[in-house]
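What follows is the residue order along each chain.
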Amino acid sequence: MHEENRSSSHRVAPDNNVAEAQSRSSEISPWLAKLSSWGVELRGITPVPIEERIDKRFINVFFVWFTMSTNLLPIITGMLGTFVFGLGLRDCSLIILFFCLLCTIPPAYFCTFGARTGLRQMLHARYTFGYYVTPFIALLNLATISGFGIISCVLGGSTLAAVSSGHFDSTVGIVIIGLIGMFVSFGGYRFLHQFERYSWIFSLLAIIITTGVGGSKLVNQTEIPPPAPATIVSFGGVIAGFLIPWAAMASDFSVYCSPSVSTWRIFAYTYAGLFVPTVTLMVLGAAIGGAASSNAAWAEGYAKYNVGGVLEAMLQPAGGFGKFVAVLLSLSVIGNLSASIYSITLNFQLIVPFFTHVPRFIFSVVYAAVAIPVAVYAARSFFESLENFIYLIAYWSAAYVAVVAVEHFVFRKADPASYVVKDWNNPGQLPTGISAILAAGLSFGLVVPCASQVWYTGQLAATTGDIGFEVALVLSSILYVPIRWLELKWRPI
């Protein structure tokens with residue numbers, strides 16, 4: 001593995017023209033130079049040359065993923081198992097454990113691409129989907145991550161509203177959460193890593209205190225009969241929809257890491273950073289969901305303010321200190337939101353070629369300007385519909401993971417040197433993307449009847465439950481091999 005990294009160090013050529021162009025941009029634009037002197041990252045989607053991949057604080061990769069996962073999002077996802085799908089706590093916990101064990105693997109491995117190639121995740125996609133198809137993939141990714149960001153704003157804002165006891169609605173909280181997330185993402189990679197390195201401490205303490213104060217009532221679980229197989233796989237699809245989409249932004253958080261780091265180390269840090277808090281907090285959410293129906297105060301809190309209302313109700317015995325802890329809980333989503341906005345800014349630059357000339361941090365402001373009013377409206381009317389929509393469109397990420405993984409392991413022999421970085425913006429030296437989009441697109445002929453969501457239930461899913469993720473993952477992999485093989489016979493790139 002170390003030999004692979006050393007090989008990558010020597011054989012993956014940086015795009016020196018990009019670095020020179022950025023340097024000239026700083027000379028021409030004094031305001032960019034000033035921002036750079038303050039530590040704001042100027043580099044956008046362009047590859048990070050090897051001479052700039054010098055970060056050896058590899059543990060920060062762990063903290064980024066740990067902070068992104070230590071918040072309200074896994075809790076409300078776990079609540080769906082008992083509160084919506086009607087699962088018992090034991091069954092729900094086992095499903096969470098099993099699916100998290102599997103679904104954490106793709107983002108953990110994809111995160112290793114950053115240090116080995118210097119390519120952002122959606123830029124890396126060009127080496128599978130090609131120059132002209134990748135904008136479509138980036139658009140899907142943008143929609144998915146943006147939707148999760150809006151959910152984070154709503155959860156944080158509604159929790160702050162619950163703390164205020166009705167003195168202000170969630171609008172004020174959403175604005176506060178959105179602006180702080182924008183500010184953190186504005187600084188870029190290093191600022192984000194520094195923030196994520198420490199902010200998890202306050203989130204974790206708040207969750208522990210909340211569990212300690214209200215945990216005695218978690219034992220009052222509703223008795224539930226054993227679940228049907230269809231219910232098990234449907235909830236498993238929700239967990240997959242929560243975890244697998246992280247693969248489409250994974251390497252964004254490791255591109256400045258030194259290529260001297262072993263692949264296994266980055267993989268282990270990412271896997272542990274995602275798996276440990278996600279499983280723990282989803283199980284906690286499942287326990288809360290199972291006990292909420294037998295606790296009038298918790299049920300009322302959920303009806304008014306979603307998961308934030310339940311947690312605030314759990315903290316009521318602690319009085320004023322409990323409200324302070326609830327505020328910390330509301331701010332826990334910032335770690336996830338700011339990292340998501342950071343990736344969103346990079347995705348913007350791949351949708352339209354001209355956007356590569358727009359500084360990355362400008363898109364932080366653009367996203368906040370759009371997401372905050374959408375989140376305000378979502379909190380009042382269509383939040384549940386938005387949440388269901390996000391899980392629905394996240395099916396594409398399974399097909400994306402499948403074709404990128406097959407391209408990497410089968411056709412590129414897992415060799416990072418096969419990604420010729422200097423060709424990142426040269427359509428003639430990149431795959432056409434025909435094989436990737438055909439394999440992914442054709443798989444949806446079976447994914448659609450196997451999908452089960454609030455808005456739609458396919459004919460097969462009515463019997464099997466939601467197996468859309470599994471079908472997309474397996475079928476895209478199978479279809480990609482012969483189609484890509486034929487393409488290479490025609491055009492060996």
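In every chain, residue numbers begin from 1 and rise along the written sequence. In keeping with the model being predicted, local features are shown solely for residues with a pLDDT of at least 70 and side-chain atom pairs are shown and tallied solely at 80 or more, while totals for entire chains, interfaces and linings include all residues. Side-chain metrics in this entry use all non-hydrogen atoms of the structure; hydrogen atoms and water are not considered.

## Focus: the overall build of the protein chain
Alright, step 1. For helices the rule is a DSSP run of H or I covering at least 4 residues; for strands it is a run of E covering at least 2, with both sets numbered from the N terminus onward. Counting its secondary structure elements, the protein chain contains 22 helices and 0 strands.
Alright, step 2. Based on the C-alpha atoms only, the size of the protein chain along its principal axes is roughly 65 × 55 × 40 Å.
Alright, step 3. The buried share among the 493 residues of the protein chain stands at 59%.
Alright, step 4. Should any heavy atoms of two residues lie within 4.5 Å, those residues are counted as being in contact. For the protein chain, long-range pairs separated by at least 24 residues make up 85% of all intrachain contacts whose partners lie at least 6 apart in sequence.
Alright, step 5. Accessible surface area values rest on a Shrake-Rupley calculation with a 1.4 Å probe, where residue burial reflects the displayed protein chains alone. Carbon and sulfur atoms provide 69% of the accessible area of the protein chain, an area that totals close to 18700 Å². Partly exposed residues are those whose accessible area sits between 20% and 50% of the maximum for their type, while under 20% is buried and over 50% is exposed, using a 1.4 Å probe and protein chains only.

## Remarks on the side chain of Ser338
Alright, step 1. With respect to the element layout, Ser338 can be found in helix α17 (residues 333-351).
Alright, step 2. A relative accessible area of 0% places Ser338 in the buried class.

## Some words on the environment of Val172
Alright, step 1. Structurally, Val172 is set in helix α11 (residues 170-187).
Alright, step 2. When its relative accessible area of 39% is taken as the criterion, Val172 is described as partly exposed.
Alright, step 3. Taking C-alpha positions, Val172 is 8.9 Å from Val376, a pair spaced 204 residues apart along the chain.

## Details of helix α16 (residues 319-331)
Because an α-helix packs 3.6 residues into every turn, residues spaced three or four apart end up facing the same way.
Alright, step 1. Under the 1.5 Å per step criterion, the end-to-end length of α16 is 19 Å for 13 residues, consistent within 8% with the ideal 18 Å.
Alright, step 2. Looking only at α16, the buried set comprises Gly322, Val325, Ala326, Leu329 and Ser330. An end-on view of α16 places all buried positions within 150° of arc, on one side of the element.
Alright, step 3. Summarising the contacts, the buried residues of α16 are in contact with α5 (72-84), α10 (126-163), α11, α12 (189-214), α15 (296-315) and α17. Multiplying one less than the number of residues by 1.5 Å gives the expected span of a helix. Starting at the helix axis, one direction is taken to each C-beta atom, and the arc is that of these directions.

## Quick word on the packing of α11 against α17
Alright, step 1. Every angle, taken between N-to-C directions, lies between 0 and 180 degrees, and every axis is a line fitted to C-alpha atoms, over only the stretch in contact when it is a helix. Where α11 meets α17, the axes come as close as 8 Å, and the angle between the chain directions of the two elements is 55°. It follows from the interaxial angle that α11 and α17 lie oblique. Judged by the twist between their axes, the crossing of α11 over α17 is right-handed. Mapping the contact onto sequence places Ile177, Gly178, Ile180, Gly181, Met182, Val184 and Ser185 in α11 and Val333, Ile334, Leu337, Ser338, Ile341 and Tyr342 in α17. For this classification, under 35 degrees means roughly parallel, over 145 means roughly antiparallel, 65 to 115 means roughly perpendicular, and everything else is oblique. Should the near helix be turned anticlockwise from the far one by less than a right angle, the crossing is termed left-handed; should it be turned clockwise, right-handed.

## Brief notes about the packing of aromatic side chains
Alright, step 1. Classification of ring pairs rests on two measures: the distance between centres of Phe, Tyr or Trp rings, Trp counted by its six-membered ring, which must be within 6.5 Å, and the angle between planes, read as stacked under 30 degrees, edge-to-face over 60 and tilted in between. One pass over the full model with this rule turns up 33 aromatic pairs.
Alright, step 2. Among the aromatic residues, those joined into a cluster by ring pairs are Tyr109, Phe110, Phe113, Tyr127, Phe129, Trp396, Tyr400, Phe409 and Tyr419.
Alright, step 3. Both a distance and an angle decide whether a charge sits over a ring: NZ of Lys or CZ of Arg must be within 6 Å of the ring centre and within 35 degrees of the ring normal. We note Arg190 situated over the ring of Tyr256; from NZ or CZ to the ring centre the distance is 4.5 Å.
Alright, step 4. The ring of Tyr419 has Arg412 sitting right over it, with the charged end atom 4.6 Å from the ring centre.

## Brief notes about the environment of Ile96
Alright, step 1. Secondary-structure assignment places Ile96 in helix α6 (residues 89-103).
Alright, step 2. The spatial distance from the C-alpha of Ile96 to the C-alpha of Val279 is 6.4 Å, given a sequence separation of 183 residues.
Alright, step 3. In contact with Ile96, not counting residues within four places along its chain, are Phe235, Ile239, Val279, Met282, Val283 and Ala286.

## Quick look at unusual backbone geometry
Alright, step 1. One non-glycine residue, Lys413, adopts positive backbone phi at about 55°.
Alright, step 2. With respect to the helices, strands and loops of the structure, Lys413 is situated in the loop between α19 (395-411) and α20 (434-450).
Alright, step 3. Given the relative accessible area of 64%, Lys413 is considered exposed.

## Examining a nonpolar patch on the surface
Alright, step 1. A contiguous nonpolar patch, built from Phe136, Ile434, Ile437, Leu438, Leu442 and Trp490 and spanning about 600 Å² of accessible area, is present on the exposed surface.
Alright, step 2. For the nonpolar patch, the leading source of residues is α20, giving 4 residues.
Alright, step 3. Judged by relative accessible area, which is 59%, Trp490 ranks as exposed. Patch definition: residues above 30% relative accessible area lacking any salt bridge, with like charges linked at up to 9 Å and the nonpolar side chains Val, Leu, Ile, Met, Phe, Trp and Tyr linked at up to 5 Å. One side-chain nitrogen of Lys or Arg within 4 Å of one carboxyl oxygen of Asp or Glu is enough to make a salt bridge.

## Observations regarding the side chain of Arg43
Alright, step 1. Inspection of the secondary structure puts Arg43 in the loop between α3 (30-37) and α4 (59-69).
Alright, step 2. We define a polar contact as two N or O atoms separated by no more than 3.5 Å, with the added condition that, inside protein, one atom must be a possible hydrogen donor and the other a possible acceptor, whereas residues neighbouring each other in sequence contribute only through side-chain atom pairs. A distance of 3.1 Å separates polar atoms of two side chains, one belonging to Arg43 and the other to Thr46.
Alright, step 3. Among the polar contacts made by the side chain of Arg43, one reaches the main-chain carbonyl oxygen of Pro47 at a distance of 2.9 Å.

## Remarks on the packing of α12 against α16
Alright, step 1. Direction vectors running N to C along α12 and α16 enclose 135°, while the axes themselves pass 9 Å from each other. Relative to α16, the element α12 lies oblique. Crossing of α12 against α16: the hand is left-handed. Contacts between α12 and α16 involve Phe202, Ala206, Ile207, Ile209 and Thr210 from the first element and Phe321, Val325, Leu328 and Leu329 from the second.
Alright, step 2. The residue makeup of the contact of α12 with α16, split by class, is 8 nonpolar, 1 polar and no charged. Three classes are used: nonpolar for Ala, Val, Leu, Ile, Met, Phe, Trp, Tyr, Cys and Pro, charged for Asp, Glu, Lys and Arg, and polar for all others, with Gly counted as polar.

## Brief notes about α5
Alright, step 1. Helix length check: α5 (13 residues) gives 17 Å between terminal C-alpha atoms against 18 Å at 1.5 Å per residue, within 8%.
Alright, step 2. Among the 13 residues in α5, 11 count as buried, and that is most of the element.
Alright, step 3. If you check which residues of α5 are buried, you get Leu72, Leu73, Pro74, Ile75, Ile76, Thr77, Gly78, Met79, Leu80, Gly81 and Thr82.
Alright, step 4. Backbone nitrogen of Leu73 and a side-chain oxygen of the N-cap are separated by 2.8 Å at the start of α5; the cap is Asn71.

## Concerning the confidence of the model for the protein chain
Alright, step 1. Confidence per residue, as judged by the predictor, is encoded in pLDDT with a range of 0 to 100. Of the residues in the protein chain, 92% reach a pLDDT of 70 or more, and the chain-wide mean stands at 89.
Alright, step 2. Model confidence for the protein chain, summarised as mean pLDDT per element, is weakest for helix α1 (residues 2-11) at 40 and strongest for helix α7 (residues 105-110) at 98.
Alright, step 3. Across residues 1-26, confidence stays below pLDDT 50; counting only partners more than four residues off in sequence or on other chains, it has 45 contacts.

## Remarks on the pattern of salt bridges
Alright, step 1. Counted by the stated rule, this structure contains 11 salt bridges.
Alright, step 2. With a closest N to O distance of 3.5 Å, Arg57 and Asp55 form a salt bridge.
Alright, step 3. Residue classification places Arg57 among the partly exposed residues on the basis of a relative accessible area of 43%.
Alright, step 4. Relative accessible area serves as the criterion here: at 11%, Asp55 is assigned to the buried category.

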